[in-house]
Structure formats: C-alpha cells, structure tokens
Amino acid sequence: MANIYPPKLSPLLMTPEPHYIPGYAGYCPQYKYTVGHCYGKLTSKLLTDPPIARSGQLLLRPNQDQETINNMGTEQHQNLHQSHKVNKKGQKLTDLMVSGYTGFVPRRKIYFSKTYRETCADAVGDFQRQQLKIAAKKQEMELINALQTGKTRAQTEQEKKLLTVNYKTPLKVITANPVPYHSLHPYKVLTSPYFMQNEDPNKHFISGYKGHVPRVQFLLGSNYPTITNCALIEFNQMGNKSKCLTGNSVSEGETLPRIRHIYPSEMGMMPQYTGHIPGHKYQFGHTFGHLTHDALGMSTIQKQAMD
C-alpha cells in the first residue's frame, strides 16, 4: 500500500491514502464496529489493515492513477505530458492550464484535492492514455484483418497468436432476410388514470406526482399509489352520480362534468367562493349572498336602485 500510495504531505496534516471522503455513504468493511477516530483516518486504517477482509480494488478513485503508478514511472509520466503538448499544439488542452478556464476538460471531475493546474494535468494525461489505448486497439484490429485476408504475413509470435482469435473479419452475413424481433410484452401507451376502469391495476399516480388528485386529501394511512387509486375510484363514482342527476356526460380530455350555469339567477353565491363575480368589488353594505344574487341579471346600479 505504501508503494501504491506514496505520501506527498505529512500524515499529520493530510489523511494518507487510501481513505474515503467524509460524507461517503457506501459500504466500508468493519466501519460500524470501530470508533475513536475521524471518518477519514478510520477508513484509512480499515482499508490498510491486513487482518480485515476487503476488496483489492477501491470503489472511490484515488487521487493518482494506480495503473499509471504501477506501469509508468515519473519520468515517463512527464514525457507523456510533453509529447501531448508537442503533438497537440493547436488544441487548448495542455498540462499548463490556467486557473479560471471555463472550457471542458475531459476526466477532470474524477480528480480533486489539488490545484487547478495539477488536476488538469492529471486529467489531460489520463485522457491521453485512453486515446493511446483506443488507437492501439484500432491498430490491432487492422492488423488482424490484414493477417486473416492474407495481405500481410505473421512474423512474430504475437502476430501468430492474433490468427487464433475466435472471430473472423469481415463478419459473414448469416441470413439475407432476418426475422424481426417481437417482444412478448410490448409497450402499451397508457391513458390517463382518470379514464381507466376501476379494476385496472394501473389506475393510480406514481409516488412523487405533484399534481392535484381529487378526493386524496380525505384518505391516509397507506402508500401513495394505493391512496390515489382509492381517490380516483371515489371520484369516478361521484362523477357517475352527477351524470345521472344532471344528464351531463364526461368526454375524454375532461375531468369534471360540464357545468351549465356558474352564477345562479334565483339565489346568491355560496360564501367563501373565490372565483370572479362581475361587479362584486364595487358593491358593499350587504351580505355576500345578497350582493351576488343574480350576478349576471342585474348591474350594480340596478341593485343599488332596488335598495
């Protein structure tokens, strides 16, 4: 562990690697059975203690690339940055990034706990290594294709091993007319829960729905899908009763029966009605029901003349 994570600063000031960052909510072996240290030092001790059974690969990525430290020395790491700088002169990504640069730097999000210039240098180096690996795999595929087609001959042992791969390039066509795939459970577009049958198991709203659900405020003591299912069934029953009494029908796209009259002519509006009433804000001196009586039939002047 000491070779993989060499100390850069004093362990009295900085927690030595490897350790988990405070606030990490994942699993750490033997963590709940150990007390007496801060989170960083405690996880560092648990991850480096030989008697504790743990995985050899950490979930959280260390500040330094473990594969780079194992396979590449410091001089090679610096030479990689220099070659990247020379080959990519026309690009903005270098190992000398200036603080305040707001452009995108690939793989920078996984590096932290350093200055902006150092994190950008590690991120650009890591990105360059990935590009080299991709280019090497591409060259290997081209070499395999050339060996299998007879364009070149295998001269080394490694090239002879490439001839024994399981796949052959280019891939052969198995059939000219492939049978289209049909899923046994195709996706069905669900309609609104308001228009589903009461026996439909999907007649509910999912947890987290922030819209209005009628009659749901009177139900409690169960999970949200169950409550909304009961509320929608009760709402449909109330709508069916109102259709029988008024003769109105509910078409798809509507959630309530159509109301023929909002302002009754033979009586006033109910108290605490918060909708608009024509001319109500210019009237005073009477009860709400008296002022809203026949709101559309008589004007404010006519009502004042009657008084």
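The model shown is predicted, which means the values in this text are computed figures rather than measured ones.

Colleague: Go over a nonpolar patch on the surface, please, and point to the residues and values.
Modeller: A cluster of nonpolar side chains, Met 141, Tyr 167 and Leu 171, forms an exposed patch at the surface whose accessible area comes to about 320 Å². Following the sequence through the fold, Tyr 167 ends up in the loop between helix H5 (157-162) and helix H6 (224-246).

Colleague: Describe the packing of aromatic side chains, and please don't skip the residues or the numbers.
Modeller: One pass over the full model with this rule turns up five aromatic pairs. Aromatic side chains Phe 205 and Tyr 209 sit 4.3 Å apart centroid to centroid with 10° between the ring planes, which places their arrangement in the stacked category. On the accessibility criterion, Phe 205 (9% relative accessible area) is buried. In this structure Tyr 209 comes out as partly exposed when scored by relative accessible area, which is 34%. An aromatic cluster is built from Tyr 194, Phe 205, Tyr 209 and Phe 235, whose rings are joined through pairwise contacts.

Colleague: Give me unusual backbone geometry: which residues, what numbers.
Modeller: Phi angles above zero are rare outside glycine, and Gln 30 is one such case at about 65°. Checked against the element boundaries, Gln 30 lands in the segment before helix H1 (39-48). Positive phi, close to 65°, is recorded for Ser 113, a residue that is not glycine. Positionally, Ser 113 belongs in the loop between helix H3 (74-87) and helix H4 (116-149). When its relative accessible area of 57% is taken as the criterion, Ser 113 is described as exposed.

Colleague: Lay out H1 in plain terms, naming residues and giving numbers.
Modeller: When you tally the buried positions in H1, you get seven out of 10 residues, the bulk of the element. Every buried residue belonging to H1 is among Tyr 39, Gly 40, Leu 42, Thr 43, Ser 44, Leu 46 and Leu 47, and all of these are buried.

Colleague: How would you summarise the environment of Leu 93 if you had to cite specific residues and measurements?
Modeller: Tracing the sequence through the fold places Leu 93 in the loop between H3 and H4. Distance from Leu 93 to Gly 125, taken between C-alpha atoms, is 10.0 Å for residues 32 residues apart in sequence.

Colleague: Which residues make up the pattern of salt bridges, and what values do they have?
Modeller: Scanning the entire structure with this criterion turns up four salt bridges. Measuring nitrogen to oxygen at the nearest pair gives 3.0 Å for the salt bridge that ties Glu 234 to Arg 215. Highlighted residues: Glu 234 in helix H6 and Arg 215 in the loop between H5 and H6, separated in sequence by 19 residues. Under the relative-accessibility criterion, Glu 234 is labelled partly exposed at 27%. Judged by relative accessible area, which is 24%, Arg 215 ranks as partly exposed.

Definitions and limits used
Residues numbered from 1 in each chain as written. Predicted model: local features only at pLDDT ≥ 70, side-chain atom pairs only at ≥ 80, totals over all residues. Heavy atoms only, no water. Patch = residues over 30% accessible without salt bridge, like charges linked within 9 Å, V, L, I, M, F, W, Y side chains within 5 Å. Areas by Shrake-Rupley, 256 points an atom, 1.4 Å probe, with all protein chains shown as cover. Salt bridge = Lys/Arg side-chain N within 4 Å of Asp/Glu carboxyl O. Helix = DSSP H or I, 4+ residues; strand = E, 2+ residues; numbered from the N terminus. Phe/Tyr/Trp six-rings, centres within 6.5 Å; stacked < 30°, edge-to-face > 60°. Buried < 20%, exposed > 50% of the residue type's maximum accessible area, 1.4 Å probe, protein only.

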